[in-house]
Amino acid sequence: MEKILNYINGEFKAPIQNNWLENYNPSIGEVYGQIPNSTSEDIQLAYEAAKLAFPSWSQTTLQQRSEILSNIATGIIDNLDELAKAESIDNGKPLTLAKSVDIPRASSNFQFFAQAITQFSSEAHESIGLNAINFTLRQPIGVVGCISPWNLPLYLFTWKIAPALAAGNTVVAKPSEITPMTAYLLSKICQKAGLPKGILNIVHGLGHSTGQAIVEHPRIKAISFTGGTSTGAKIASTAAPMFKKLSLELGGKNPNLIFADCDYEKMLDTTIRSSFANQGQICLCGSRIFVEKPIYDKFKKDLIQRTKKLKIGPPLETSTQIGALVSKAHLEKVKSYIDMAEEEEGGKILYGGDYVTVKSHEKGYYLQPTIIETNDTTCRLMQEEIFGPVVTLTAFDTDDEAMAMANDVPYGLSCTIWTNNLNRSMHFAKNIESGIVWINTWMMRDLRTPFGGIKNSGVGREGGFEALRFFTEPKNVCIQY
Ligand code: NAD
């Protein structure tokens, strides 16, 4: 049984109350370790360490800071195999995915912000005719909180921590209690990479207690959160009266709009991924597929055929394309949407819908990738985030109809459009209600770009200088001469 420990002030510590939670391996449905069930006392300890470390960290030269972050990036890549295996066991995702996407990206996050901070600049405004000059200092905030979800565990955890540290803050961070392992391994890498003690503190535990204690802490002045929309609302209501800076990256229900003039084979290959990668548990997955009528029947047949071929199996086997869902509770939630599809929602299951029993992993949380045909854009399947290997399929006639259906959701994270018509591309790019638009591609990321959603998908943007701006306070200095 692997016992994960908190990482506070550069040391590994058991939780003060000595309470522990069980950590499951979803591919076999069994407990394989324990994690701290931390309380506000542990958060206070982490806060004090971070507070003590702040003055010196905020004054390290950019070169020193950059070198340490770069060492962490290298440490992650040096431990690629161990981290990828740990991520796959903890989350249920295919090892091949963890090895090719999750862990390399976690390293890139540190490498990117190690460089970005050396290029970050602030503004100056000359007040012409008044003999005055204004310049803006961008100073680190102090101790900040970073809270992340289970779907891309190390990838999203580091996406917050790296810019927070690069900007000169010290951090109290909490990974998801469902997938804590790679955050624990990261703390060991940080220790080896020469990150001085107290700068990054990783505290494990439940959302409503450990996470809530971070958000409630009166001296933790900014919270960067990625997770569900209802959790985001709770965090906002706790933090607002204390006027904390908030970055909220929340749920999605993204449209995938397919027009008859698209590059069909590229679209089909990518749509398989945008529907079912990571068992559909990516906030950017295109879970609502809309297809122009002339190619609807062909696409439907091809999508079903290609989905049937996806290999569901043990995450650690290299041939596996669809692994286990992250937890039993999540499996049951996703299945409950499938179960309501035909009887209550007027949908038709074209493929999938059943649990899968994987040999020698009989208690694991496996589900068939599922395609549901429906024309009712107001039904729960089309309105609520399912966050599993489930897509809806709907035909449309006109561009206006496609636009209306795409925008008819409370979410606005991302959108994918498949067309070779430039005017249509621009029209959709401008009018679609989402923070991210992909045209003829999906999940292609350039870390300099603003990342985030509108509507119920969140507030604020991560990525590039947006993240460094979030993790700094601008202070204007006006000098008259
Ligand atoms: P979640 O909201 O249940 O939990 C996310 C994190 O918040 C966890 O660490 C959890 O312990 C913590 N938490 C829960 N309650 C809290 C509270 N009251 N105070 C402070 N922290 C609290 O989300 P999840 O189930 O882990 O992740 C899935 C969700 O994340 C989906 O909705 C998905 O769309 C979203 N997501 C969004 C993005 C994005 O970039 N927009 C990326 C990935 C995932």
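Our structure is the block above this text.
Conventions used here
Residues numbered from 1 in each chain as written. Predicted model: local features only at pLDDT ≥ 70, side-chain atom pairs only at ≥ 80, totals over all residues. Heavy atoms only, no water. Helix = DSSP H or I, 4+ residues; strand = E, 2+ residues; numbered from the N terminus. Rg over C-alpha atoms; globule rule 2.2 N^0.38 Å. Buried < 20%, exposed > 50% of the residue type's maximum accessible area, 1.4 Å probe, protein only. Contact = heavy atoms within 4.5 Å. Areas by Shrake-Rupley, 256 points an atom, 1.4 Å probe, with all protein chains shown as cover. Pairing = 2+ DSSP bridges. Axes fitted to C-alpha atoms, helices over the stretch in contact; angles between N-to-C directions. Parallel < 35°, antiparallel > 145°, perpendicular 65-115°, else oblique. Nonpolar A, V, L, I, M, F, W, Y, C, P; charged D, E, K, R; others polar. Near = heavy atom within 4 Å. Polar contact = N/O pair within 3.5 Å; in protein donor to acceptor, adjacent residues only side chain to side chain. Domains from an automatic or database assignment. Phe/Tyr/Trp six-rings, centres within 6.5 Å; stacked < 30°, edge-to-face > 60°. Lys NZ or Arg CZ within 6 Å of the ring centre and 35° of its normal.

What follows concerns the overall build of the protein. The helix and strand tally for the protein stands at 15 helices and 23 strands. Relative to the compact-globule value of 23 Å for 481 residues, the protein shows a C-alpha radius of gyration of 23 Å, a close match. Projected onto the principal axes, the alpha-carbon positions of the protein cover approximately 70 × 65 × 40 Å. Taken over 481 residues, the protein has a buried fraction of 59%. Restricting to contacts in the protein with at least 6 residues of sequence separation, those with at least 24 account for 74%. Looking at the protein as shown, the accessible area adds up to about 19,300 Å², and 52% of this sits on carbon and sulfur atoms.

Attention now moves to the sheet that holds strand E15 (residues 348-351). Read from one edge to the other, the open sheet built from seven strands follows the order E15-E16-E17-E14-E13-E19-E20, with strand pairing classed as mixed. Each end of this open sheet is capped by a strand with a single partner; those strands are E15 and strand E20 (436-439). Strand-to-strand twist of the sheet, defined as the mean angle between neighbouring strand axes without regard to direction, takes the value 25 degrees. For E15 and strand E16 (residues 370-373), the ladder comprises three bridges, and the chain directions are antiparallel. Bridge pairing links Ile349 to Ile372 in E16. Sitting on the sheet, helix H13 (residues 399-407) is in contact with strand E13 (255-258), strand E14 (288-292) and strand E17 (390-396), with an inclination near 150 degrees to E17.

What follows covers the packing of helix H4 (residues 95-119) against helix H5 (residues 153-166). Where H4 meets H5, the axes come as close as 8 Å, and the angle between the chain directions of the two elements is 10 degrees. Taken together, the axis directions place H4 and H5 in an arrangement best described as roughly parallel. Contact residues: H4 offers Val101, Asp102, Ile103, Arg105, Ala106, Asn109, Phe110, Phe113 and Ile117, while H5 offers Pro153, Leu154, Tyr155, Thr158, Trp159, Ile161, Ala162, Pro163, Leu165 and Ala166. Counted by class, the contact of H4 with H5 contains 15 nonpolar, two polar and two charged residues.

A separate point is the site of the ligand. Near the ligand there are 31 residues, and of these Lys174, Glu177, Thr231, Leu250 and Glu385 occur at the shortest range. At a separation of 2.5 Å, an oxygen atom of the ligand approaches a polar side-chain atom of Glu385. Here the ligand loses 89% of its free accessible area of 850 Å² to cover by the protein chains. Elements supplying a minimum of two residues to the shell around the ligand: helix H7 (207-216), strand E11 (222-226) and helix H8 (229-239). The greatest single-element share of the shell around the ligand, amounting to five residues, is contributed by H7. Residues of the shell around the ligand, tallied by class, amount to 13 nonpolar, 13 polar and five charged. Of the domains in this structure, domain 1 (2-250 + 457-480) and domain 2 (255-446) are the two that each give at least three residues to the shell around the ligand.

Another point: the packing of aromatic side chains. Under the definition given, this model contains nine aromatic pairs. Plain terms: the ring middles of Phe120 and Phe465 are 5.5 Å apart, the flat faces sit at 45 degrees to each other, and that makes the pair tilted. A residue pair is termed long-range when its members are at least 10 positions apart, and Phe120 in the loop between H4 and strand E6 (124-127) and Phe465 in helix H15 (residues 464-470) qualify at 345 residues. Judged by relative accessible area, Phe120 falls into the buried class, the value being 18%. Pairing Phe259 with Phe428 gives two aromatic rings, centres 5.5 Å apart and planes at 65 degrees, and the pair type is edge-to-face. Separated by 169 residues along the polypeptide, Phe259 in the loop between E13 and helix H9 (264-276) and Phe428 in helix H14 (residues 422-431) bring together distant segments of the chain. Relative accessible area serves as the criterion here: at 0%, Phe259 is assigned to the buried category. Taking relative accessible area as the criterion, Phe428 reaches 0% and is therefore assigned buried. Taken together through their ring pairs, the aromatic side chains of Tyr7, Phe12 and Tyr184 make up a single cluster. Positioned over the ring face of Trp20 is Lys3, at 4.2 Å from the centre of the ring. When the ring centre of Phe470 is taken as reference, the NZ or CZ atom of Lys245 above it lies at 5.4 Å.

We note that Phe243 has phi near 55 degrees; this positive angle belongs to a residue other than glycine. Here Phe243 lies in the loop between H8 and strand E12 (245-249). For Phe243, a relative accessible area of 74% corresponds to the exposed category. Phi at Gln279 is positive, roughly 60 degrees, even though this residue is not glycine.

Summarising the element assignment, Thr377 is placed in the loop between E16 and helix H12 (380-383). The class for Thr377 is buried, based on a relative accessible area of 14%. In this structure, Thr377 is in contact with Phe290, Met382, Gln383, Met405 and Asp408, ignoring residues within four places of it in sequence.

The sheet built from three strands is open, its strands ordered E6-E7-E23 with antiparallel pairing. Both outer strands of the open sheet, E6 and strand E23 (472-480), are each paired with one neighbouring strand and no more. Adjacent strand axes in the sheet meet at a mean angle of 20 degrees, parallel and antiparallel pairs treated alike. When E6 meets strand E7 (residues 132-140), the two strands line up antiparallel, connected through four bridges.

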